[in-house]
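Tertiary structure, described
Chain by chain, the residues:
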Amino acid sequence: MSIKKVVRYGEASLRQPSKEVHKVSQKVKNLVADMLDTMYAQNGVGLAAPQIGENVRIFVIDVSTNNEPLNPIVFINPKIIKKSGACISHEGCLSFPEAFTDVKRYENVMVKALDRNGRSFVLEAKDGTLLARAIQHEFDHLDGVLFIDHVINRFEAEEVLKKYNLPPIEVEKLLDEPELEEKIKVLLEEKLAKKETNSEND
């Protein structure tokens, strides 16, 4: 198929909610092929349709590593049906070239979707794995939500965006996630306590 231009942060289409796919037609299959070609060309782990200017509810993911065969997973009309736990995820995005920051994510997710042939499947990703975090990241794109809306340290993220000449954080888009924030707070406290214990033992 073909490699498409990736929409950059600041363009309106990234903030628009996407529409359901009514039929997994040849046109949809061609779009999926383009998305996979584009993701691999950019060395990405995932790509959502809005990132190539198509506001439909499709994303693709491949978390295989260098020495593993490609293992693309296609999600059409995905729904997250279960989520639990919390983790800190150091994330970037193909729409934010070179910019990475820490964000709040659930540790475990279960998603239901259609594959590229229109067959329904359920997939569970646990323990804050790359797959679990990528599913949440790409799913967000379909609702016009971006990874920086989940930032842990807004000011740190602002500096990163500035460094790479990207627009500033849209403060009104920052998500209020009290349940996740509470769990992340506990994680950070545990991390700090562990660090202090290690320092005392050195």
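In this report, we go over the structure that sits alongside the text. Bear in mind that the values here come from a model prediction, so they are computed numbers and not experimental data. Here, residues in each chain are numbered from 1, in the same order as that chain's written sequence. The model is predicted, so local features are restricted to residues of pLDDT at least 70 and side-chain atom pairs to those at 80 or more, both for listing and for counting; the totals for chains, interfaces and linings are taken over all residues. To obtain the side-chain values, all non-hydrogen atoms of the structure were used and water was disregarded.

Moving on, we come to helix α1 (residues 26–41). Spacing of three or four residues puts side chains on the same side of an α-helix, whose turn is 3.6 residues. In this description a helix means any DSSP run of H or I spanning at least four residues, a strand means any run of E spanning at least two, and both kinds are numbered starting from the N terminus. The span you would expect from a helix comes to 1.5 Å times its residue count less one. Between its first and last C-alpha atoms α1 spans 22 Å; for 16 residues at 1.5 Å apiece the expected length is 22 Å, and the two agree. Positive backbone phi, approximately 55°, marks N43, located one or two places after α1.

Residues F59, I61, F75, V109, A125, L131 and I135 are the most contacted members of the largest nonpolar core, which totals 20 residues. Those elements giving two or more residues to this core turn out to be β2 (58–61), β3 (73–84), β6 (108–114), β7 (120–125), α2 (130–141) and α4 (178–201). Here this core gets five residues from one element, more than from any other, and that element is α2. We define the nonpolar core as a collection of buried residues of types Ala, Val, Leu, Ile, Met, Phe, Trp, Tyr and Cys that are connected through side-chain atoms lying within 4.5 Å of one another. Type-normalised accessible area, obtained with a 1.4 Å probe on protein chains alone, sets the label of each residue: buried when under 20%, exposed when over 50%, and partly exposed for intermediate values.

As a further point, take the sheet that holds β6. A strand pair is defined by DSSP finding two or more bridges across the two strands. Taken together, five strands build an open sheet; the order of strands is β1-β2-β3-β6-β7 and the sheet is antiparallel. Whereas interior strands pair on both sides, the edge strands pair on one side only; in this sheet they are β1 (46–48) and β7. Neighbour-to-neighbour, the strand axes of the sheet open up by a mean angle of 35°, direction not taken into account. Bridge count between β2 and β3: four bridges; the pairing is antiparallel. By the bridge assignment, V60 is partnered in β3 with V74. Its contacts with the sheet place α1 against β1, β2 and β3, and it is angled at close to 40° to β2. Between the N-to-C directions of two axes lies an angle of 0 to 180 degrees, each axis being a line fitted to C-alpha atoms and, for a helix, fitted only over the stretch in contact. Here, two residues are considered to be in contact whenever any of their heavy atoms come within 4.5 Å of each other.

Further remarks concern the packing of aromatic side chains. Aromatic pairing here means that ring centres of Phe, Tyr or Trp (its six-membered ring) are within 6.5 Å. Orientation follows from the plane angle: under 30 degrees is stacked, over 60 is edge-to-face, and everything else is tilted. For the structure on display, the rule yields four aromatic pairs. For the pair Y9 and F96, a centre-to-centre distance of 4.5 Å together with 20° between the ring planes defines the contact as stacked. Residue Y9 is located in the segment before α1, and its partner F96 is located in strand β5 (residues 96–105); the two are separated by 87 residues in the primary sequence. A relative accessible area of 6% places Y9 in the buried class. The class of F96 is buried, set by a relative accessible area of 1%. With a centroid separation of 4.9 Å and an interplanar angle of 85°, the aromatic rings of F96 and F147 are classed as edge-to-face.

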